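Okay, here's what each chain looks like letter by letter:
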Amino acid sequence: MTRPTILVTGATGKVGGAVVARLHAAGVPVRALVRGEAALPEGVEAVRGDLADPASLATALDGVDAVFLVWPFLGAEGAADVIDAIGKQARRVVYLSSAGVGDVSEGDAPGEAITLFHTELERLVEASGLEWTALRPTGFASNTLGWADELRATGVVRAPLARLARPLIHEADIAAVAVEALTTDALLGARPLLTGPARVTQERQVELIGEATGRPARFEEIGLAEAVEGMKAAGYPAELVDAILPAQARMLDDPEPVNDEVERLTGTPARSFREWAADHAADFR
């Protein structure tokens, strides 16, 4: 009997790539949605398509049973058409959302500006008639790869909020939960909050990266205003910068929660930031 195919969007990203690799290793037929040439595990089917063009998804969705959906845009424009296209072919969607999304049905605020599109995507997914799961991870450990060029050049990360402590999560742990949601019924209709095993300050994150690479690395704190100007000069969208840094500053007094959902759902404890740094040491050298 042929096993159903799973389509992974964001297949060349950290989380999507980890989902592809995990499904493939388990012998699950997996198809990767790509916009161009991509390095994928041998035997993984790559199909071209673009979430910005729902009409381009027909071939990728043909014969698909479930979709891992990573939304790559800062707004929800076009998402309804994409989810409609998925619903015509698949029976299940697992959406990579965010811990910053509030549960509007329970009266929570819809979240920060940087997570508003996740709120809208969750609403669309839940209203689609598809079987669904919305994964809500805290910050990705892989976001610290943004320090790589600076560390290679100077050994110093100049950034604000040295004491900001977050339970950053390894992409492999998000992928492990995603595969459970895609291949079993254990998470139908669930919105699990996924965290790393402990909060680690940004200053300590840099030290751990240095330990993993065997090179000196330190954190040099700068003010928020300097950081804002630097990010905007580097080309980051102003609305993103103006949302991210104040939200992070508020976490100093209102830190993100830490839980054991990864272990509960997968049977394996969440990986530490030290483990993540060791896994990615080559990316910082």
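Data block above holds the structure.
Residues numbered from 1 in each chain as written. Predicted model: local features only at pLDDT ≥ 70, side-chain atom pairs only at ≥ 80, totals over all residues. Heavy atoms only, no water.

(A) Quick peek at the pairing of strand β6 (residues 131-137). Counting buried residues in β6 gives six out of seven residues, a clear majority hidden from the surface. Note: strand β5 (residues 92-96) against β6, five bridges, orientation parallel. In the strand pairing of β6, L96 is matched with L135. (Buried < 20%, exposed > 50% of the residue type's maximum accessible area, 1.4 Å probe, protein only. Helix = DSSP H or I, 4+ residues; strand = E, 2+ residues; numbered from the N terminus. Pairing = 2+ DSSP bridges.)

(B) Structural view of the nonpolar core. By size, the foremost hydrophobic cluster in this structure holds 31 residues, and its most contacted members are V8, V19, L23, F68, L135 and L182. Listing elements by their share of this core, those giving two or more residues are β1 (5-8), α1 (14-25), β2 (30-34), β4 (64-69), β5, α6 (171-183) and α10 (261-266). For this core, the element with the most residues is α6, which contributes seven residues. If near-sequence neighbours (up to four positions away) are discounted, V19 is found in contact with V8, F68, A175, A178, V179 and L182. Listed in part, the 25 residues of the second largest apolar core include L7, V93, L121 and A134. (Core = buried A, V, L, I, M, F, W, Y, C linked by side-chain atoms within 4.5 Å. Contact = heavy atoms within 4.5 Å.)

(C) Here's a closer look at the packing of helix α8 (residues 224-233) against helix α9 (residues 238-250). Taken N-terminus to C-terminus, the directions of α8 and α9 make an angle of 150 degrees; their axes are 10 Å apart at the nearest point. The angle between α8 and α9 places the two elements in the roughly antiparallel class. Considering how the two elements wind past one another, α8 and α9 form a crossing that is right-handed. For the pair formed by α8 and α9, the contact residues are L224, A227, V228, M231 and K232 on the first element and A238, V241, D242, L245 and A249 on the second. Residues belonging to the contact of α8 with α9 are distributed by class as follows: eight nonpolar, no polar and two charged. (Axes fitted to C-alpha atoms, helices over the stretch in contact; angles between N-to-C directions. Parallel < 35°, antiparallel > 145°, perpendicular 65-115°, else oblique. Left-handed = near helix turned anticlockwise from the far one by under 90°. Nonpolar A, V, L, I, M, F, W, Y, C, P; charged D, E, K, R; others polar.)

(D) Quick peek at the packing of aromatic side chains. Applying the stated rule across the entire model yields four aromatic pairs. Plain terms: the ring middles of W147 and F219 are 6.4 Å apart, the flat faces sit at 80 degrees to each other, and that makes the pair edge-to-face. With W147 in the loop between β6 and α5 (148-154) and F219 in strand β11 (residues 218-221), this residue pair connects regions lying 72 residues apart in the sequence. Each member of the pair W147 and F219 is classed as buried. Between W276 and F284 the ring centres are 6.0 Å apart and the planes differ by 75 degrees, which places this aromatic pair in the edge-to-face class. (Phe/Tyr/Trp six-rings, centres within 6.5 Å; stacked < 30°, edge-to-face > 60°.)

(E) Structural detail: the sheet that holds strand β9 (residues 193-194). Spatial strand order, β3-β2-β1-β4-β5-β6-β9: seven strands in an open sheet with parallel pairing. In the strand order of this sheet, the two ends are held by β3 (45-48) and β9, each with one partner. In terms of strand pairing, β2 meets β3 through four bridges, oriented parallel. Paired with V34 across the strands is R48, a residue of β3. Sitting on the sheet, helix α4 (residues 116-126) touches β4, β5 and β6, and the angle it makes with β5 is about 170 degrees.

(F) The packing of α1 against α6, seen in detail. Following both chains from N to C, one finds α1 and α6 inclined at 55 degrees, their axes separated by 8 Å at the closest point. Classified by the interaxial angle, the pair formed by α1 and α6 is oblique. Where α1 crosses over α6, the handedness of that crossing is right-handed. For the pair α1 and α6, contact is made by K14, V15, A18, V19, R22 and L23 and by E171, A172, I174, A175, A176, A178, V179, L182 and T183, respectively. Residue composition of the contact of α1 with α6, by class: eleven nonpolar, one polar and three charged.

(G) Representation of unusual backbone geometry. At L161, a residue that is not glycine, the phi angle is positive and equals roughly 65 degrees. Topologically, L161 is positioned in the loop between β7 (156-159) and β8 (165-166).

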